[in-house]
Structure formats: structure tokens, C-alpha cells
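Structure at a glance
Residues per chain, in single letters:
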Amino acid sequence: MIKFMSSWVKGLGLTIVIISILEMLLPNNKTKKYIRMVMGVYILFTMISPFISNKEVFNINQVDLEDYVTTKTSTNLNQTSMDERIEQLYIQELEKDITKKLEEKGYEITNCKVKAQISDKEEETKITKIKVKVQKRTGASQ
């Protein structure tokens, strides 16, 4: 099997090198795209033909699937890091929303920071501090 794969890769590599050289030698005319298509088909043929001609190498009935199946699955999630990331995203979206709404009113935002406490219980979730540095736009037409 290893010998077969090794010879297949060598043949494929040689084919690609030859095709690359031929492509560099092609003139730039209308037939170039057709010649490139034929070369592409030749590469595909080179890739597939060893598998078709050597069916005994790839006999599915001889493969023991138990060697390739793993029954051990691990789903270890770090819930605290996910909660922290969700909290960061929530705060970032609040900051973006505040900035956008104030800019729509004609103000220029130089800094916007939000501090919030997020909890599983809705009544314990609250925004504790919003710090915004705002300037009125000069020459605003609003």
C-alpha cells in the first residue's frame, strides 16, 4: 500500500511539473484556454487512473473499521470563559449602540465605556456605569 501511494505521488508530481513547463511555453492566443483544459483533464486522469486500475489495493472488504473508529468523545467546555466572552460582547455592543445613537443626534464621541454586571437572573443584571466623552460637532447641519 505504501509503495503504491509513493509511486502515485511521484507520478502525480512529475505530471504537474511537466504540465507547468508546458503551460509556460504556450503562446498567448485563443487556443491557450483549450490546451489548459486538456492539460487539466490529463492531471485528473493521472490522479484517478491508479485507483481504477489497482482495485485489489483498495479492497473495502479487507478494511477493519474498528481500527479507525474511536468511541471516546470528549466535550469539555469551559463555561466560565464562555460567560466572560458573552459579557464582553454584550458590553461592546452596548458601547457601539450608545455611540451610534449619539452620533445620529449630531455629537462626536471621543470615548464610550460601559460597566455592567451580568447574571443568570434577569433582575440581578444591570448597567453600573456609563462613561461617555461627547463633543458637539462643529459645522453640524442638524
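Now for a look at the structure at hand. (Residues numbered from 1 in each chain as written. Predicted model: local features only at pLDDT ≥ 70, side-chain atom pairs only at ≥ 80, totals over all residues. Heavy atoms only, no water.)

Here we look at a negative patch on the surface
A contiguous patch of negative charge, built from D83, E84, D120, E122, E123 and E124, is present on the exposed surface. Mapped onto the elements, E122 comes out in the loop between strand 1 (107–117) and strand 2 (126–136). Relative accessible area serves as the criterion here: at 71%, E122 is assigned to the exposed category. (Patch = residues over 30% accessible without salt bridge, like charges linked within 9 Å, V, L, I, M, F, W, Y side chains within 5 Å. Areas by Shrake-Rupley, 256 points an atom, 1.4 Å probe, with all protein chains shown as cover. Salt bridge = Lys/Arg side-chain N within 4 Å of Asp/Glu carboxyl O. Lys, Arg positive; Asp, Glu negative; His and termini not counted. Charge placed at Lys NZ, Arg CZ, Asp CG, Glu CD. Helix = DSSP H or I, 4+ residues; strand = E, 2+ residues; numbered from the N terminus. Buried < 20%, exposed > 50% of the residue type's maximum accessible area, 1.4 Å probe, protein only.)

A few points about a nonpolar patch on the surface
Judged by side-chain polarity, L14, V17, I18, I21, L22, M24 and L25 come together as a nonpolar surface patch covering roughly 720 Å² of accessible area. Among the structural elements, I21 can be located in helix 1 (residues 2–25). According to the relative accessible area criterion, I21 is partly exposed, its value standing at 43%.

A closer look at a positive patch on the surface
On the surface, a cluster of positive charge is made up of K115, K129, K131 and K133. It is strand 2 that contributes the most residues to the positive patch, three residues altogether. As for its placement among the helices and strands, K131 is situated in strand 2.

By themselves, these observations are geometric and do not establish any function.
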